[in-house]
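Chain and residue survey
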Amino acid sequence: MADTEFLVAHGLRKAFGPFQAVDSVSFTISQREIFGLLGPNGAGKTTVIRMMSTVLKPDDGHISIGGFSVTADSDSVRKLIGVCPQELALYPELSATDNLVFFGRMAGLNGRQARESARENLERVGLQDRARDRVEQFSGGMKRRVNIAIALMSRPQLLFLDEPTVGIDPQSRNHIFETVENLRDEGMTVLYTTHYMEEADRLCDRLAIMDHGSIIGLGTPRELKSEIGNPDRVTLEDVFLEYTGRRLRD
Amino acid sequence: MALSLHIAILELKRYLSNRGELAFSVALPIVLFGLTYAVFGGGVSFHATANIVDLDGGPAARELVRRLDALDTITVRERTLESAESALDRSAILAAFVIPEGFSEALESGESVSLTFKRRGNGGEEGQIVAGIVRSVAQEVGRQGRVRRLAMSALEGSGVPPALIDEWTAPLIADSWDNPPVGVDVQYLEGEESNLLYRVVPGILVMFLMFTITLGSQTLVEERRLGTLERLMTTRLTAAQLFLGKFSAHVLRGSVQSLVLLVPAFAVLRVGGLAEFVQIALICVLVAASVSGLAMAITSLVRTRDQASWSAVFITMFMTIFGGTFFDVGDGLLEVLSRFTLNRYAIESMVGILERGQNLGDMGVELGVQAGVGVCAVVLAAALFRTSEGRG
């Protein structure tokens with residue numbers, strides 16, 4: 001893992017009316033690192049990603065990606081990032097290839113590059129045989145994989161994956177794990193949010209646990225486990241429940 | 001610009017892949033046109049086919065056929081005698097006119113000659129009207145032959161060659177045909193249109209173009225629903241490029257939709273010639289642009305599909321009802337309200353071209369208002385979007 005800080009977030013705050021969605025969030029992500037954001041529903045994970053991906057402006061704080069300020073130089077930041085949102089963001093009436101080529105063009109690729117990148121990324125997510133089929137005919141897991149492939153079209157240096165495995169079958173989930181691991185091996189930096197502790201344990205080099213808009217734990221999975229007991233016996237789920245409490249959430 | 005083009009192409013691809021929308025915007029105009037054609041019977045003027053059998057083939061017979069074919073109200077279909085009789089037997093036609101052999105020679109020599117009117121039953125209402133028209137034209141041809149013959153007779157022995165006599169009489173005969181000594185002036189009652197189609201066709205065109213508002217007002221709402229708008233906002237696409245792309249797609253779609261109506265309106269209803277067609281088509285493109293601008297303004301303001309639908313329906317209904325889409329707004333409150341509708345300016349300019357023989361150069365105010373609304377609406381839409389989404 002390289003030491004260069006590729007993403008720096010400092011003192012991020014974002015409120016929606018009276019609701020403080022994100023409060024004083026600070027962390028860094030090094031190049032070629034898979035950084036996990038763990039937290040219960042409503043913890044503020046997606047809001048953090050939306051601010052980092054130039055969709056939302058923070059009320060306060062600063063984010064830089066690859067040395068560019070997200071607020072002051074968002075155009076440069078957009079050239080470095082790929083975003084896979086939590087909800088599917090696809091055109092269902094178009095084929096998988098058409099979806100990928102379109103977003104490739106939006107990322108600045110020319111026609112040949114976009115078609116080539118679409119072919120590569122559909123192969124990467126195991127959908128090369130369904131390239132010409134309409135996305136609306138796909139299963140939930142296949143749509144999730146197309147959702148990820150679109151995020152990879154711009155050949156980003158930093159990939160945001162916002163709960164990419166929600167509601168899909170074990171086979172598709174495993175395929176996504178392998179895809180993310182391959183991306184890390186190829187040198188991509190990833191910010192990954194999830195509910196699933198085994199995913200975080202398997203994939204993430206470092207983790208931040210968020211609750212009520214704030215980071216309440218930060219470190220490698222082993223470091224976080226060590227804080228509450230023997231890291232060889234404690235699970236990340238134990239850590240999570242220790243930090244966020246066992247009370248049921250809405 | 002390239003990104004805008006891809007947005008426009010995407011929009012059109014999605015539109016073409018949606019059969020329901022495609023049917024709505026292409027098939028329904030054709031259905032409506034068909035109903036219009038049925039109601040107005042292909043126009044308010046009489047038009048019929050004259051089935052002619054020319055057994056003579058001489059100059060007078062050919063002149064009779066030529067003159068019949070030149071009439072706006074008649075299309076000549078020449079048949080053989082066998083074909084005409086067979087069609088009559090099968091009731092495929094109800095009447096046919098036979099020019100007998102020796103027709104031209106008889107006229108030349110001053111003998112009486114008759115056309116034969118073959119008919120099935122009473123020949124039908126259309127056949128009887130055509131018979132009257134054929135009789136009138138045949139008598140005119142006969143009278144002109146007689147004038148020529150009298151001139152020849154009067155100048156016989158004077159040494160004037162017959163060719164010179166023909167040269168003198170031909171222009172006089174042509175002039176009497178073009179400028180008959182007795183004409184009929186048509187006067188329309190006050191307030192009555194000379195041709196109802198001159199208002200109906202623009203009305204239908206503009207009404208369908210108004211539906212662009214309904215379809216276009218959904219565009220950003222739909223992108224939000226799919227989650228693709230947020231994804232687009234993380235790419236290199238700017239708000240201006242997004243709006244230009246979507247605006248262009250809606251203008252193109254509206255223009256194609258109006259062409260679907262415009263072509264049969266001119267080809268079948270014959271509301272004008274090529275020059276009028278081109279000018280009306282250009283006005284349609286302008287109207288498509290102005291209503292697309294309004295659609296973009298709506299879609300920037302609203303957050304749900306219902307909000308988009310109701311806003312679009314309200315604006316469309318307001319402009320259709322108060323814009324005098326199918327009637328003259330006259331004076332009073334309606335005339336005042338119509339000034340706030342695009343329909344008034346669009347229809348005024350189309351009616352001016354079709355009915356009053358004006359051209360685009362005479363429509364400065366009407367065209368200016370439409371262009372101004374389109375430009376202002378798109379600029380406003382992009383500004384609203386930037387403000388609401390915090391996007392440059």
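Note that this is a predicted model, so its numbers are computed, not measured.

About the criteria used
- Residues numbered from 1 in each chain as written.
- Chains lettered and ligands numbered in written order.
- Predicted model: local features only at pLDDT ≥ 70, side-chain atom pairs only at ≥ 80, totals over all residues.
- Heavy atoms only, no water.
- Helix = DSSP H or I, 4+ residues; strand = E, 2+ residues; numbered from the N terminus.
- Buried < 20%, exposed > 50% of the residue type's maximum accessible area, 1.4 Å probe, protein only.
- Contact = heavy atoms within 4.5 Å.
- Buried area = accessible area lost by both parts, 1.4 Å probe.
- Salt bridge = Lys/Arg side-chain N within 4 Å of Asp/Glu carboxyl O.
- Polar contact = N/O pair within 3.5 Å; in protein donor to acceptor, adjacent residues only side chain to side chain.
- Domains from an automatic or database assignment.
- Pairing = 2+ DSSP bridges.
- Axes fitted to C-alpha atoms, helices over the stretch in contact; angles between N-to-C directions.

**Quick notes on the side chain of Gln 257 of chain B**
Residue and element names in this part refer to chain B. The topology assignment puts Gln 257 in helix H11 (residues 239-267). Residue classification places Gln 257 among the buried positions, given a relative accessible area of 5%. With residues up to four places along the chain from it excluded, the contact list for Gln 257 reads Ser 25, Pro 29, Phe 208 and Thr 212.

**Considering the interface of chain B and chain A**
Every contact between the two is made by 22 residues of chain B and, on the other side, 29 residues of chain A. Summing both sides of the interface, chain B and chain A together bury roughly 2,300 Å²; the carbon and sulfur share of this comes to 58%. Interface area lost by chain B to chain A is led by Arg 231, Thr 234 and Arg 236 of chain B, which between them contribute 32%. Counting the contacts that link chain B with chain A gives three salt bridges. In this structure, Lys 13 of chain B and Asp 98 of chain A form a salt bridge, with 3.5 Å as the shortest nitrogen-oxygen distance. Viewed at the interface, chain A and chain B are joined by eleven residue pairs in polar contact (both at pLDDT 80 or more).

**Some details on the domain arrangement of chain B**
Assigned domains within chain B: domain 1 (2-42 + 196-389) and domain 2 (48-178). Between the C-alpha centres of domain 1 of chain B and domain 2 of chain B there is a distance of 51 Å.

**Side note on the sheet that holds strand S10 (residues 214-219) of chain A**
Residue and element names in this part refer to chain A. With mixed pairing, the six strands of this open sheet are ordered in space as S6-S7-S8-S3-S9-S10. The sheet is open, and its two edges are formed by strand S6 (81-84) and S10, each paired on a single side. Neighbour to neighbour, the strand axes of the sheet diverge by 15° on average, direction disregarded. As paired strands, strand S3 (residues 34-38) and strand S9 (residues 206-211) are joined by four bridges and run parallel to one another.

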